[in-house]
Amino acid sequence: MGTSRQEMRVALDALLEPQRFKDFAPNGLQVEGREKIETVVSGVTASQALLDAAVALEADAILVHHGYFWRSEDPCLVGMKGRRVRTLMQAGINLFAYHLPLDCHPELGNNAGLGRALGVAQFAPLSPQEPTIPVFFGELPMQTPLNTVAERLSKQLGRPLLSEGNRPVQRIAWCTGGGQGYIDQAADAGADLFVTGEVSEQTIHIARERDVGFIAAGHHATERFGVQSVGHWLSQELGVEHQFVDDDNPA
């Protein structure tokens, strides 16, 4: 049972195609650990709490959506960042991180998971000609009160949501995480409702003035789907043991 670090790297890159994306951080193997991988822990963010849980579970690899080495961050391995990387290195744990590729995968990605949670059976990228834009679009079977959609999604995610609008909705656009800036594109595409993780002050004004419903469901909550789905895929394809660890975050 299990696989090698290189076999997992090749499998993940083939599945998620990171070369297609101009991203804000490197996608793929970010920190190299031991060669043999039998146990994988997945989580949304490579926080210290997630790393500590992986050490306790004797994991060989961690798969996350939010890893390290973001474009604008200080590259020095000091303080909090130094402690995180030191934890990985001392335990010999590999860190795999995929950002936009994990948002955009049409079956296993974050947006695909959010679409299913919304009750949309068939969906596709809002801009197929620009596949790196992480906004999806689909329709409910029938017009549904926005409050009903919000209540259903709240139960699926296990947390309260922020919603704006009081209209029947059917055509939905969505973007997991910090996608509130795409609300104008959603309105331009004729969406009745735009769903994302975060909200900014101006988002509510845009929703009201463009007559589009809006739901903010939490950055962390809307981005739990991808790592769980890909972790399960790894267990099926490579014979590794997988466990999702939810280092919960209300934001």
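Residues numbered from 1 in each chain as written. Predicted model: local features only at pLDDT ≥ 70, side-chain atom pairs only at ≥ 80, totals over all residues. Heavy atoms only, no water.

Engineer: Looking at this structure, how should I read the overall build of the protein?
Structural biologist: In terms of helices and strands, the protein carries ten helices and 13 strands. For the protein, the C-alpha radius of gyration of 19 Å lies close to 18 Å, the compact-globule estimate for 251 residues. Overall, the protein is about 55 × 35 × 35 Å in size when its C-alpha atoms are taken along their principal axes. The proportion of buried residues among the 251 residues of the protein is 52%. Accessible surface for the protein amounts to roughly 11600 Å². Of this, 49% is attributable to carbon and sulfur atoms. (Helix = DSSP H or I, 4+ residues; strand = E, 2+ residues; numbered from the N terminus. Rg over C-alpha atoms; globule rule 2.2 N^0.38 Å. Buried < 20%, exposed > 50% of the residue type's maximum accessible area, 1.4 Å probe, protein only. Areas by Shrake-Rupley, 256 points an atom, 1.4 Å probe, with all protein chains shown as cover.)

Engineer: Can you walk me through the packing of helix α1 (residues 5–16) against helix α10 (residues 225–238) in this structure?
Structural biologist: Direction vectors running N to C along α1 and α10 enclose 125 degrees, while the axes themselves pass 12 Å from each other. Viewed along their axes, α1 and α10 adopt a mutual orientation that is oblique. Note on packing geometry: the crossing formed by α1 with α10 is right-handed. Where α1 abuts α10, its residues Glu7, Met8, Ala11, Leu12, Leu15 and Leu16 lie against Val230, Trp233, Leu234 and Leu238. When grouped by side-chain class, the residues that make up the contact of α1 with α10 number nine nonpolar, no polar and one charged. (Axes fitted to C-alpha atoms, helices over the stretch in contact; angles between N-to-C directions. Parallel < 35°, antiparallel > 145°, perpendicular 65-115°, else oblique. Left-handed = near helix turned anticlockwise from the far one by under 90°. Contact = heavy atoms within 4.5 Å. Nonpolar A, V, L, I, M, F, W, Y, C, P; charged D, E, K, R; others polar.)

Engineer: What's the story with the pattern of salt bridges in this structure? I'm lost.
Structural biologist: If the charged atoms of two oppositely charged side chains come close together, the side chains can form a pair. This model, assessed by the stated rule, comprises 13 salt bridges. Across the pair Glu35 and Arg5 runs a salt bridge, and its minimum N-O distance is 3.2 Å. Linking Glu35 in the loop between β2 (28–31) and β3 (36–37) with Arg5 in helix α1, this pair joins segments that are 30 residues apart in sequence. The exposure class of Arg5 is buried, given its relative accessible area of 15%. Among the ionic pairs, Glu139 bridges to Arg171, the shortest N-O distance being 3.3 Å. Remark: Arg171 occurs in strand β10 (residues 168–175) and Glu139 occurs in strand β8 (residues 136–145); sequence separation between them is 32 residues. Three or more residues are tied together by salt bridges with common partners; here these are Arg5, Glu32 and Glu35. (Salt bridge = Lys/Arg side-chain N within 4 Å of Asp/Glu carboxyl O.)

Engineer: Explain the layout of surface pockets to me, please; I cannot follow it from the model alone.
Structural biologist: Estimates place the volume of the largest pocket at around 240 Å³. Phe24, His99, Leu100, Asp103 and Pro134 are the residues nearest the centre of the largest pocket, which is lined by 16 residues in total. Residues that form the lining of the largest pocket fall into these classes: six nonpolar, seven polar and three charged. Only β4 (39–45) and α9 (219–222) provide two or more residues apiece to the lining of the second largest pocket. (1 Å grid on protein atoms, 1.4 Å probe; cavity = no way out; pocket = protein on both sides within 12 Å on 5 of 7 lines; lining within 4 Å. Points joined across faces, edges and corners; volume = space filled by probe spheres on them.)

Engineer: It is not clear to me how the sheet that holds β2 should be interpreted in this structure. Could you clarify?
Structural biologist: Think of a sheet as strands paired side by side through backbone hydrogen bonds, with each pair either parallel or antiparallel. Strand order across the open sheet formed by five strands is β2-β6-β5-β4-β13, with mixed pairing between neighbours. Strands with a single pairing partner mark the edges of an open sheet, and in this sheet they are β2 and β13 (241–244). Neighbour-to-neighbour, the strand axes of the sheet open up by a mean angle of 30 degrees, direction not taken into account. Across three bridges, β2 lies against strand β6 (residues 94–97) in antiparallel orientation. Of the residues in β6, the one forming a bridge with Leu29 is Phe96. Strands β4 and β5 (61–66) of the sheet are contacted by helix α2 (residues 48–56), whose axis makes an angle of about 170 degrees with β4. (Pairing = 2+ DSSP bridges.)

Engineer: Would you mind showing me how to read the packing of aromatic side chains here?
Structural biologist: The relative placement of two aromatic rings is captured by the distance of their centres and the angle of their planes. Scanning the entire structure with this criterion turns up five aromatic pairs. Considering the side-chain rings of Tyr68 and Phe69, the 6.1 Å spacing of their centres and the 85 degrees angle between planes classify their relative orientation as edge-to-face. For Phe69, a relative accessible area of 30% corresponds to the partly exposed category. Between Phe123 and Phe136, the aromatic rings sit 6.1 Å apart at their centres with planes inclined by 50 degrees, giving tilted as the arrangement. (Phe/Tyr/Trp six-rings, centres within 6.5 Å; stacked < 30°, edge-to-face > 60°.)

Engineer: Before we go on, may I ask you to explain α10 in this structure?
Structural biologist: An α-helix turns once every 3.6 residues. As a result, residues three or four positions apart point the same way. Taking 1.5 Å of rise per residue, 14 residues should cover 20 Å, and α10 covers 20 Å from first to last C-alpha, within 8% of that figure. For α10, the set of buried residues is Gly226, Val227, Val230, Gly231 and Leu234. Down the axis, α10 shows its buried residues gathered within 125 degrees of arc, on one side only. The inward-facing, buried residues of α10 contact α1, β4, β5, α4 (100–104), α5 (110–118) and β13. At the C-terminal side of α10, Gly239 shows a positive phi close to 75 degrees. (Expected span 1.5 Å × (residues − 1). Arc of directions from axis to C-beta.)

Engineer: Where do I start with helix α3 (residues 79–91) in this structure?
Structural biologist: Taking 1.5 Å of rise per residue, 13 residues should cover 18 Å, and α3 covers 18 Å from first to last C-alpha, within 8% of that figure. Of the positions making up α3, those classed as buried are Lys81, Gly82, Arg84, Val85, Thr87 and Leu88. Along its buried surface, α3 packs onto β2, α2, β5 and β6.

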